[in-house]
Amino acid sequence: PRAAMRLLQTLLKHSDDLPLEGRCAPLPRAASSWVAFVDSSHQDIDIKSKRRNDFFDFGMCDGVLGDEKIHVTVTPDNTRALILDGASTNGFVQSKVRCQGKSPELFSGSCDDPRIRKAWRCQEVDLTSDFAFPYVDYVMQRLKRIHCSKHMQVLMLGLGGSTMQSSLRKACPAAELLTVEASPGVVAAARRFFGFRGDVLVEDAREALKELARSGRRFDAIVVDIADTVLEKEDVDHLHSLLKDSGEVLQNHTNQSKMMEQLEHFRKAFPHVDQESFQGGNILMSYRKEPKDDALRSVRS
């Protein structure tokens, strides 16, 4: 989203001669540095090697459990950003949160470095400030309004920096939350640097949906936030079977065309479909299951 891009436009500047991998050293306050040029209409960061003298404080580490597509930045006010590289994205800002506690020491190096892991450990997430991405606030408000009054069970596909998981844990302490995340590196980053404490099934989302549906699990809500992944008919059928009556699926998208590719599958499974758009390009689709859905689906088929 654009707010995060504006932050990172001023945030991501690297020391001129300090390598980002293989060593851990404090970043200088004044340095000839790399400048991050950001297209504010996209969620990607293109770091280009142009030099500029400026005063700035921030830390950045690269690679978690050997996965060099994962990056974490930390600022003096203890705000962390999780940045992911992918097949069609380079520098995707997945999450941004502020952790409680004093200003951390700032480094550049590997995220697997024990010194960085110790210095940047997040004891507790600061949930008093606004969410960096408006759609996250919408999801949280919807879950709290509809389900928080009971002992709800929630399935989340995608962990990232665990913003939603931490928020839901505080807002609805009695909630039973299961997260599915395919990347062990992302799980490790969330635990090390973003204060995540929770249960995670480290598996591909499609396989996890199949196994959970086979086991007979049921959830009050399912949140799908897995980088514009297009779900197949079988995936949507599993989502439907995993929901309790009156439960709902909330799915985040930033790519309109990919969202449309799967929409027909959802419309056949869920007669109740709503859409909300947010500044920064996020589109949140919601699909609600009613007791009569199975009868309607049999008629449609």
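All values derive from a computational prediction rather than experimental measurement. Every chain is numbered on its own, with residues counted from 1 as its sequence reads. Since the coordinates come from a predicted model, pLDDT governs what is reported: local features require at least 70, and pairs of side-chain atoms require 80 or more to be given and counted, while whole-chain, interface and lining totals use all residues. Computation of side-chain values covers all heavy atoms of the structure but excludes hydrogens and water.

Peer 1: Looking at this structure, how should I read unusual backbone geometry?
Peer 2: A negative phi angle is the norm for most residues apart from glycine, just as the trans form is the norm for most peptide bonds. Of note in this structure, Asn78 is not a glycine but carries a positive phi near 75 degrees. Helix and strand assignments follow DSSP, with helices taken as H or I runs no shorter than four residues and strands as E runs no shorter than two, numbered in order from the N terminus. When you line up the elements, Asn78 lands in the loop between strand S6 (67-74) and strand S7 (79-84). Positive phi, normally seen in glycine, also occurs at Ser162, with a value near 65 degrees. Throughout this description, buried means an accessible area under 20% of the type-specific maximum (1.4 Å probe, protein chains only), exposed means over 50%, and partly exposed covers the range between. The exposure class assigned to Ser162 is buried, which follows from its relative accessible area of 1%.

Peer 1: Sorry, what's going on with the nonpolar core here?
Peer 2: Soluble globular proteins: nonpolar side chains tend toward being buried together. Core analysis: the largest hydrophobic core is formed by 28 residues, its most contacted members being Leu155, Leu157 and Ile222. At the level of elements, strand S10 (153-157), strand S11 (176-181), helix H6 (205-215), strand S13 (219-224), helix H7 (233-242), strand S14 (243-253), helix H8 (256-269) and strand S16 (283-288) are the ones that each hand at least two residues to this core. In terms of residue count, H6 provides more of this core than any other element does, five residues in total. Ignoring sequence-local partners within four residues, the contact set of Ile222 consists of Leu155, Leu239, Leu242, Leu243, Glu248, Val249 and Leu250. Within this scheme, the nonpolar core is defined by two criteria: the residues are buried Ala, Val, Leu, Ile, Met, Phe, Trp, Tyr or Cys, and they are joined through side-chain atoms within 4.5 Å. By size, the runner-up hydrophobic cluster in this structure holds 25 residues, among which are Val72, Val97, Leu159 and Val186. By definition in these notes, contact holds between two residues if any of their heavy atoms fall within 4.5 Å.

Peer 1: Whenever I open this one, the state of the cysteines confuses me. Can you help?
Peer 2: Any pair of cysteine sulfurs within 2.5 Å is marked as a disulfide. Scanning all chains against the criterion turns up two disulfides. Disulfide partner of Cys61: Cys111, at an S-S distance of 2.0 Å. Taking the torsion about the S-S bond as the criterion, the Cys61 to Cys111 disulfide, at about 95 degrees, is right-handed. Of this pair, Cys61 sits in strand S5 (residues 59-64) while Cys111 sits in the loop between strand S9 (107-110) and helix H2 (114-119), and the two are 50 residues apart along the sequence. For the pair Cys61 and Cys111, a shared accessibility class is recorded, and that class is buried. Shown here is the disulfide that connects Cys99 with Cys122, its sulfur atoms set 2.1 Å apart. Residues Cys99 and Cys122 are joined through a disulfide that is left-handed, its torsion about the S-S bond being -110 degrees. With Cys99 in the loop between strand S8 (92-98) and S9 and Cys122 in the loop between H2 and helix H3 (134-147), the pair connects residues that are 23 residues apart, well separated along the chain. Here Cys99 and Cys122 have matching classes, each one buried.

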